[in-house]
Amino acid sequence: ELSAEERAFQEAIDADIKVEPRDWMPAAYRKTLTRQIAQHAHSEVVGMLPEGNWISRAPSLKRKCVLLAKVQDEAGHAQYLYGAVETLGASRDALYEDMLAGRMKYSSIFNYPTLSWADIGTIGWLVDGAAIINQIPLCRCSYGPYARAMVRICKEESFHQRQGFDIMVSLCKGTPAQKQMAQDALNRWWWPAVMMFGPPDGESVHSAQSAAWKIKLFSNDELRQKFIDQTVPQARHLGLTIPDADLAFDAASGHWRIGAIDWSEFYRVIKGEGPCNVERLAARNKAWDEGAWVREAALAHAAKRAKRSIG
Ligand code: FAQ
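Residues numbered from 1 in each chain as written. Predicted model: local features only at pLDDT ≥ 70, side-chain atom pairs only at ≥ 80, totals over all residues. Heavy atoms only, no water.

(A) Layout of the overall build of the protein. On a plain count of helices and strands, the protein comes out with 12 helices and 2 strands. From first element to last, N terminus to C terminus, the protein shows the α and β order α-α-α-α-α-α-α-α-α-β-β-α-α-α. Seen through its C-alpha atoms, the protein measures out along the principal axes to roughly 70 × 50 × 35 Å. Every one of the 311 residues in the protein was classed for burial, and the buried ones make up 47%. When contacts within the protein are restricted to residue pairs at least 6 apart in sequence, those whose partners lie at least 24 apart make up 79%. (Helix = DSSP H or I, 4+ residues; strand = E, 2+ residues; numbered from the N terminus. Buried < 20%, exposed > 50% of the residue type's maximum accessible area, 1.4 Å probe, protein only. Contact = heavy atoms within 4.5 Å.)

Shown next as structure tokens:
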């Protein structure tokens, strides 16, 4: 049975009225949003690592400038998202420490290595492509600060996706070795990208409640299908082969159907057993420890300024 407050809350959601930080909200709504937004923010922070790996090795000055700008954007996305999660009364530092200690998740996709330059193209094309499909509906989600943060993030993701596709076009028009590099990257990133949308609907523990609260406007499987339908023609345009022997177009429904997803791999990766989980957390912890002096200096500077303005 819903309480009177809970009923009024649900009615406002049903009427598409945004929830704002000072509004009453069920504790479980606050908790699920804190979890999702913080995981999203952590994904942006950890997501800088696979691409950061290639900044010093980008093949031209232009590619290097573009990649640098993209990675900086991810840091900016994390800032907007940590800002949004703070409006729920959560502590940014505490959430960040949960991530550093491995107590909070970040996206499974960032636990895979970037072995060649083609991986940078593939991340932009597939990972940012998947991120856009997941995040466009979030611009209309029920929590105001999250929805508004997503608008700007989606605009930037769209630039990211194009830079990735542009790298793929260049490689696919290049030498046979370059084309092979692009195919190899697609072979390694395709299934992890398909898994980014989360477990199948039947196994998605949070979906029903998040849908009722309009945090999720489409299910994991619906968004995954959109991604597949969008990406298969792009792969064909590039002349690349999706690594799935069962991939087939279903004329009756107008959708591309994929073969079976190896969910055991997904669950291994989110348990901390993916190829790079240990390395990613070690890199973030190292950066946090080495940044201690910057945080101390910033606090000392702020204290000095506050003293001066009082005096
Ligand atoms: N990785 O019940 P559900 C980016 C967990 S894009 C790890 O379906 P929910 C841009 C889930 O947390 C990536 N864990 O969960 C970029 C839950 O575990 P919990 C970030 C996953 O929340 C590009 C359990 O499985 N985007 O960063 C994943 O309703 C390039 C059960 O799952 C977002 O975070 C996964 N892939 O739906 C940056 C978008 N999937 O928490 C740099 C916002 C599921 O109970 C470079 N988030 N789990 O311990 C969402 O839309 C949702 O949270 C879903 C999952 C759809 C990800």
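Text resumes after the structure shown.
(B) Just the site of the ligand, in detail. Around the ligand, the structure places 35 residues, and the nearest of them are Lys105, Ser108, Ser204, His206 and Lys216. Between the ligand and the protein, one listed contact pairs a nitrogen atom with a backbone N or O atom of Met196 at 3.0 Å. Considered on its own, the ligand offers 1,100 Å² of accessible surface; in the complex 90% of this is hidden by protein. Broken down by secondary-structure element, the contributors of at least two residues to the shell around the ligand are helix 2 (27-52), helix 3 (61-86), helix 5 (117-135), helix 6 (144-172) and helix 10 (263-273). Among the residues making up the shell around the ligand, the classes are represented as 13 nonpolar, 13 polar and 9 charged. (Near = heavy atom within 4 Å. Polar contact = N/O pair within 3.5 Å; in protein donor to acceptor, adjacent residues only side chain to side chain. Areas by Shrake-Rupley, 256 points an atom, 1.4 Å probe, with all protein chains shown as cover. Nonpolar A, V, L, I, M, F, W, Y, C, P; charged D, E, K, R; others polar.)

(C) Local environment of the packing of helix 3 against helix 4 (residues 92-100). The contact between helix 3 and helix 4 brings their axes to 10 Å, and the two run at 120 degrees. Viewed along their axes, helix 3 and helix 4 adopt a mutual orientation that is oblique. On the side of helix 3, the interface is formed by Gln79, Tyr82, Gly83, Val85 and Glu86, while helix 4 contributes Arg92, Leu95 and Tyr96. Considering only residue class, the contact of helix 3 with helix 4 consists of 4 nonpolar, 2 polar and 2 charged. (Axes fitted to C-alpha atoms, helices over the stretch in contact; angles between N-to-C directions. Parallel < 35°, antiparallel > 145°, perpendicular 65-115°, else oblique.)

(D) How the structure looks around the packing of aromatic side chains. This structure, assessed with the given rule, holds 14 aromatic pairs. Arranged with centres 6.1 Å apart and planes meeting at 65 degrees, the rings of Trp125 and Phe165 form a pair that is edge-to-face. Pair noted here: Trp125 is in helix 5 and Phe165 is in helix 6, with a separation of 40 residues, a long-range link. Judged by its relative accessible area of 18%, Phe165 falls in the buried class. Put simply, the rings of Phe9, Trp24, Tyr29 and Trp213 touch in pairs and so form one group of aromatic residues. The ring of Trp54 carries the charged tip of Arg57 above its face, separated from the ring centre by 4.1 Å. Over the aromatic face of Trp288 sits the side chain of Arg295, whose NZ or CZ is 3.5 Å from the ring centroid. (Phe/Tyr/Trp six-rings, centres within 6.5 Å; stacked < 30°, edge-to-face > 60°. Lys NZ or Arg CZ within 6 Å of the ring centre and 35° of its normal.)

(E) Focus on the side chain of Ser204. Secondary-structure assignment places Ser204 in the loop between helix 7 (176-195) and helix 8 (207-212). With a relative accessible area of 12%, Ser204 lands in the buried category. Side chain to side chain, Ser204 and Ser207 meet in a polar contact 2.5 Å long. The contacts of Ser204, once residues within four sequence positions are left out, are Pro199, Lys216 and Asn220.

(F) Representation of helix 2 in the model. Between the first and last C-alpha of helix 2 there are 38 Å, a value that for 26 residues agrees with the 38 Å anticipated at 1.5 Å per step. Extensive coverage of helix 2 is indicated by the burial of 19 of its 26 residues. (Expected span 1.5 Å × (residues − 1).)

(G) Molecular detail of the environment of Ala208. Examined against the element boundaries, Ala208 turns out to sit in helix 8. Along the primary structure Ala208 and Ser219 are separated by 11 residues, whereas in three dimensions their C-alpha atoms are 8.9 Å apart.

(H) Unusual backbone geometry, seen in detail. Despite not being glycine, Asp16 shows a phi value in the positive range, around 60 degrees. Among the structural elements, Asp16 can be located in the loop between helix 1 (4-14) and helix 2. Its relative accessible area of 57% is what places Asp16 among the exposed residues. Of note in this structure, Lys214 is not a glycine but carries a positive phi near 55 degrees. For Lys214, the location among the structural elements is in the loop between helix 8 and helix 9 (220-238).

(I) Geometry of the nonpolar core. In terms of nonpolar packing, the biggest core is built from 80 residues, with Tyr29, Ile37, Trp125, Tyr143, Tyr146 and Phe227 touching the most fellow members. When near neighbours in sequence (up to four residues on either side) are disregarded, Tyr29 contacts Phe9, Ile13, Val19, Ser142, Tyr143, Trp213 and Ile215. (Core = buried A, V, L, I, M, F, W, Y, C linked by side-chain atoms within 4.5 Å.)

(J) Representation of the side chain of Asn220 in the model. Assignment of secondary structure puts Asn220 in helix 9. Residue Asn220 is classed as buried on the basis of its relative accessible area of 6%. Polar contacts involving the side chain of Asn220 include one to the side chain of Lys216, which spans 2.8 Å. The contacts of Asn220, once residues within four sequence positions are left out, are Phe197, Gly198, Pro199, Asp201, Ser204 and Ser207.

(K) Quick look at the state of the cysteines. One pass over the full model with this rule turns up 0 disulfides. Here Cys141 is not disulfide-linked; the sulfur of Cys139 is the nearest cysteine sulfur, at 8.4 Å. Note on Cys141: relative accessible area 0%, which makes it buried. (Disulfide = S-S within 2.5 Å.)

All we've got here are geometric facts, nothing functional implied.
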